[in-house]
Amino acid sequence: ISSPPPHGGPRRAMAAVLRGALLAAAVGLLLAPPGARGLRMAAREHKHTLVFVRHGQSTWNRASRFIGWTDTHLTDDGLLEAQIAGKVLRKEGIRLDDVYTSHLKRAIKTAWLVLDELDQHYVPVNCDWRLNERCYGALVSRFKKECVKEFGKDQVKQWRRSFDNRPPPVDESSLFFAGNNPRYDFIPRELLPRAESLKDVGERSLPCWEERIKPAIASGKTVMVVGHENNMRSIIKHLDGVSDEAVIDLELPRAVPLIYHLDADLKPIPLPDAAPLLSGRYLGDPEEVAAIMERDLKQVYDLSVTENLEEANSVRYGSSALKIEERCGGGSCDVTDLLDMEPDEVEAHRRRLAKAATVCAYGELYSGDRARFPYLAYTNGVAVRKQGDWDSYTAEDLKPFQEWTPADERVMEQESSTEPPAIPPRTPVRAQA
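Quick caveat: nothing in here was measured; it's all calculated off a predicted structure.

S.K.: Can you help me understand the overall build of the protein chain in this one?
M.R.: When you go through the protein chain residue by residue, the secondary structure sums to 15 helices and 10 strands. Here the protein chain holds 433 residues, and 48% of them are scored as buried. Restricting the contact set of the protein chain to residue pairs at least 6 apart, pairs at least 24 apart contribute 72%. Summed over all atoms, the accessible surface of the protein chain reaches about 21,500 Å², with 53% contributed by carbon and sulfur.

Below, the structure is given as structure tokens:
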């Protein structure tokens, strides 16, 4: 004879089953691999997307000099790095609402190139001097390895990466002091840095984060910050709660998008394959990103390496993930995308793109084969893509754009003429204070 069911038998049995199911689910979540657990959390709580992109290679990155607020140009490799970053973000399906960047052209141009690749030219680009790179004081313009030889690896690493260690200050008579640059006349002289630690950079950059960037994200916008390694390190340290001691190991490779998922309270959600020390993840092959970081460390600190690893081009972001045909097949192509082609293929494609491009009044670009040239100079009414040094041109630079053939004219048959139109004078656009 079976015993009678306990008091409230069916209901209590059902409650026990539900409790067991909930307990099993909780245990399963806790015991799940970190990546799977993070993915479930992201799927449940993801409210906002934030993207960080460090600028592409500049001339002083290539030379391995301390840059700071010096307004260096992007190199051809830097242009390509920025374009690849845009293509990677496009593949990820990112749609932006706002971009924030500094007052330095290497970051501004990177932002433009990323938006060009995303075909999101309408997105506002907000420039704020508080997002400028760290002021490296008296180190600015010096070769980094020379400083390692003079002061030692540990001291240079403290200056570059520690939280509260300032380099020697710049003399106020120096051309590298921002107070001698008229673009910063709108800033009280006492606020312009002579030298900065990462802590100082945070005190400058975080008010921009709190006053402009954070409210934009909270309003539902997808925001991209295009900046410099140290101003972004200060923001990311604050966002991700990186300790003062651990931040010395936080490195941000150039032009590799770092994506964050934020919850409703703007707190980061740990993502699968998150970067070391961080909740966000790089959009790229982890081994490739690690190789870039290793190259950058050797470039500065390893005195046994005598060649310039930036010029040797030993590691390039996107080289394994993005093939030439992928870069050129999406409707946006540039002659610097053709690095892996045979010389005759490069020449044929370069001529075709050069002759296809025509420029209408005030620089709005039309194209016969959807090629886009982000930066054009206007010389004698001829559209010329800048090559190498952005500040210099020669007669040789103009020749490929002035020599026309019947094949070139066929490419241009849908345009109104086979000659580039004259370009009216352009009024320089000045940044507002």
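Now that the structure has been shown, the text picks up again.
S.K.: It is not clear to me how the packing of helix H4 (residues 76-92) against helix H5 (residues 105-118) should be interpreted in this structure. Could you clarify?
M.R.: Packed helix pairs are specified by the crossing angle of their axes together with the interaxial distance, meaning the distance between the axes. The geometry of H4 relative to H5 is characterised by a closest axis approach of 8 Å and an angle of 40 degrees between their N-to-C directions. As far as their axial angle goes, H5 and H4 are oblique. In the crossing of H4 with H5, the sense of the turn from one axis to the other is right-handed. Packed against H4, whose contacting residues are Leu-79, Ala-82, Gln-83, Ala-85, Gly-86, Lys-87, Leu-89 and Arg-90, the element H5 presents Thr-110, Leu-113, Val-114, Glu-117 and Leu-118 at the interface. Partitioning the contact of H4 with H5 into residue classes produces seven nonpolar, three polar and three charged.

S.K.: Honestly, the side chain of Arg-254 in this entry has me stumped. Any pointers?
M.R.: Following the sequence through the fold, Arg-254 ends up in the loop between helix H9 (229-240) and strand E5 (258-262). With a relative accessible area of 5%, Arg-254 lands in the buried category. For Arg-254, the side chain forms a polar contact with the side chain of Glu-81, separated by 3.2 Å. At 2.8 Å, the side chain of Arg-254 and the side chain of Glu-310 are in polar contact. Each residue touching Arg-254, except ones within four places of it in the same chain, is listed here: Arg-54, His-55, Gly-56, Gln-57, Asn-61, Glu-81, Arg-295 and Glu-310.

S.K.: Please explain the pairing of strand E2 (residues 98-101) as it appears in this structure.
M.R.: Here is the key point about a regular strand: its side chains alternate between the two faces of the sheet. Burial of the side chains of E2 extends over both faces: Asp-98 and Tyr-100 are buried on one face and Val-99 and Thr-101 on the other. Here four bridges tie E2 to strand E4 (residues 223-227), and the two strands are oriented parallel to one another. Counted as the bridge partner of Thr-101 is Val-226 from E4. Relative to strand E3 (residues 125-127), E2 is paired through three bridges, and the arrangement is parallel. Bridging across to E3, Tyr-100 finds its partner in Asn-126. Assessed by its sense of winding, the connection that carries the chain from E2 through H5 to E3 is right-handed.

S.K.: Hey, could you run me through the nonpolar core in this one?
M.R.: Nonpolar side chains tend toward joint burial in soluble globular proteins. If you look at the biggest cluster of nonpolar residues, it comprises 31 residues, and the most contacted ones within it are Leu-50, Phe-52, Ile-213, Ile-236, Leu-258 and Tyr-260. By residue number, the principal contributor to this core is helix H8 (residues 198-218), which donates six residues. Ignoring sequence-local partners within four residues, the contact set of Ile-236 consists of Phe-52, Gly-241, Leu-250, Leu-252, Leu-258, Tyr-260 and Leu-278. In terms of nonpolar packing, the next biggest core, distinct from the first, is built from 20 residues, Val-51, Val-88, Leu-89 and Leu-115 among them.

S.K.: Quick question: what am I supposed to make of H8 here?
M.R.: Every α-helical turn comprises 3.6 residues, leaving residues that sit three or four positions apart pointing alike. Taking 1.5 Å of rise per residue, the 21 residues of H8 would be expected to cover 30 Å, yet its terminal C-alpha atoms sit only 26 Å apart, more than 12% below that figure. At Trp-209, H8 is deflected by roughly 45 degrees, the largest bend along its length. Considered for burial, the residues of H8 that qualify are Leu-198, Asp-200, Val-201, Gly-202, Arg-204, Ser-205, Cys-208, Trp-209, Ile-213, Ala-216 and Ile-217. Where H8 is buried, its residues meet strand E1 (48-54), E2, E4, H9 and E5. Positive phi appears at Gly-220, one or two residues downstream of H8, with a value of about 105 degrees.

Rules behind the numbers
Residues numbered from 1 in each chain as written. Predicted model: local features only at pLDDT ≥ 70, side-chain atom pairs only at ≥ 80, totals over all residues. Heavy atoms only, no water. Helix = DSSP H or I, 4+ residues; strand = E, 2+ residues; numbered from the N terminus. Buried < 20%, exposed > 50% of the residue type's maximum accessible area, 1.4 Å probe, protein only. Contact = heavy atoms within 4.5 Å. Areas by Shrake-Rupley, 256 points an atom, 1.4 Å probe, with all protein chains shown as cover. Axes fitted to C-alpha atoms, helices over the stretch in contact; angles between N-to-C directions. Parallel < 35°, antiparallel > 145°, perpendicular 65-115°, else oblique. Left-handed = near helix turned anticlockwise from the far one by under 90°. Nonpolar A, V, L, I, M, F, W, Y, C, P; charged D, E, K, R; others polar. Polar contact = N/O pair within 3.5 Å; in protein donor to acceptor, adjacent residues only side chain to side chain. Pairing = 2+ DSSP bridges. Right-handed = clockwise from strand over helix to strand, strands pointing away. Core = buried A, V, L, I, M, F, W, Y, C linked by side-chain atoms within 4.5 Å. Expected span 1.5 Å × (residues − 1). Bend = angle between axes of the 7 residues up to and from the residue.

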